[in-house]
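# Working through the structure, step by step
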Amino acid sequence: MTIVFDQVKKNYGKKPVFYNLNFKIPLEPTVIGLVGPNGVGKSTMLRLLAGVLEPTEGRIRNDQTKGSYFKWACLHTSFVASGERGLMYRLNTLENGMYFSSLKGISTKRTENNIRKMAQDFNFSNELNTFFQNLSTGLKKKAAILVGAAMGTEVLLLDEPSNGLDIAAQEDLASFILDLKNKNGNIIFISSHDTQMLSGVVDHYLFLRDGQIEQNIEHKMAENDLISEYRGIYKRK
Ligand SMILES: Nc1ncnc2c1ncn2[C@@H]1O[C@H](COP(=O)(O)OP(=O)(O)OP(=O)(O)O)[C@@H](O)[C@H]1O
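Residues numbered from 1 in each chain as written. Predicted model: local features only at pLDDT ≥ 70, side-chain atom pairs only at ≥ 80, totals over all residues. Heavy atoms only, no water.

Turning our attention to the overall build of the protein chain. Summing up its helical and strand segments, the protein chain has eight helices and nine strands in all. Taken over the C-alpha trace, the protein chain has a radius of gyration of 17 Å; the compact-globule value for 237 residues is 18 Å, and the two agree within 12%. Counting only C-alpha atoms, the protein chain reaches 45 × 45 × 35 Å along its principal axes. Expressed as a percentage of its 237 residues, the buried residues of the protein chain come to 49%. In the protein chain, the proportion of contacts linking residues at least 24 apart, taken out of those at least 6 apart, comes to 66%. (Helix = DSSP H or I, 4+ residues; strand = E, 2+ residues; numbered from the N terminus. Rg over C-alpha atoms; globule rule 2.2 N^0.38 Å. Buried < 20%, exposed > 50% of the residue type's maximum accessible area, 1.4 Å probe, protein only. Contact = heavy atoms within 4.5 Å.)

Okay, here's the thing in structure tokens:
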């Protein structure tokens, strides 16, 4: 199964973000890093993949599905927003998991069980019953990632997942992402500026520039190589 971008153009009002995106992403267990400077379109790309945004022109499709991409994406992708947004403030993490699963028509019991299980690996078990509004910034981030992952969709879309996490939580996140890929077979897209986290987990990089994919690098990179590549592409000294 493959997600295909056919001549995708995306504007906000008159402002173009993507001009003419043509690429294919095979849906196999992998971690894909979206990289590029502020404002280049990483979050927009994740939202297009999630079906939250529609292309202004062109089409996104799944090569195995006849219906609309939006319908497929609702059931098969989970988008975890950056910042402290994303979950319902007056629900705890278990309740949030059940709430968002019911919106997607996914088994709430399965999500609840997944959250309890995954929380152990993610060092979050003691926080499961805390209202989202009462969690710290980093713990809100963890809660949102946990809920996204526990819904069990094949594709997980993480927007700046390591922002606000302390050092131990960053390590938890990296091993959590690798487990999702290796044990659950997930396809994980990550938008991030965190070169250390990226170099630890990413198998495939998409460098965005000027409304296009400037470089498509299908292998892991050590952090120094990633930074050199970045400097080369964006002409940073
Ligand atoms: N809802 C919106 N309405 C209008 N313009 C928007 C909207 N969302 C994003 N933009 C603009 O689209 C461009 C791409 O934004 P996007 O958030 O996708 O970039 P990004 O690469 O994720 O940036 P960052 O690294 O700062 O998070 C930016 O110029 C931004 O100002």
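Back to the write-up after that little detour.
Mapped onto the present numbering, the UniProt feature "domain: ABC transporter" (unreviewed entry) falls at residues 3–235. For residues 3–235, helix accounts for 39% and strand for 26%, while the C-alpha atoms at its two ends are 31 Å apart. (UniProt positions renumbered as here; feature names shortened; annotations may be inferred.)

Turning our attention to the sheet that holds strand S2 (residues 15–26). The strand order across the open sheet built from three strands is S2-S1-S4, with neighbouring strands paired in antiparallel fashion. Every interior strand has two partners, whereas the edge strands, S2 and strand S4 (57–62), have only one. When the angles between neighbouring strand axes are averaged without regard to direction, this sheet yields 15°. Pairing between strand S1 (residues 2–12) and S4: five bridges, direction antiparallel. Considered in S4, the bridge of Phe5 is made with Ile60. Lying over the sheet, helix H1 (residues 42–50) contacts S1, S2 and S4, oriented at roughly 125° with respect to S1. Together, S1 and S4 form the strand contacts of helix H2 (residues 69–76), whose direction differs from that of S4 by roughly 45°. (Pairing = 2+ DSSP bridges. Axes fitted to C-alpha atoms, helices over the stretch in contact; angles between N-to-C directions.)

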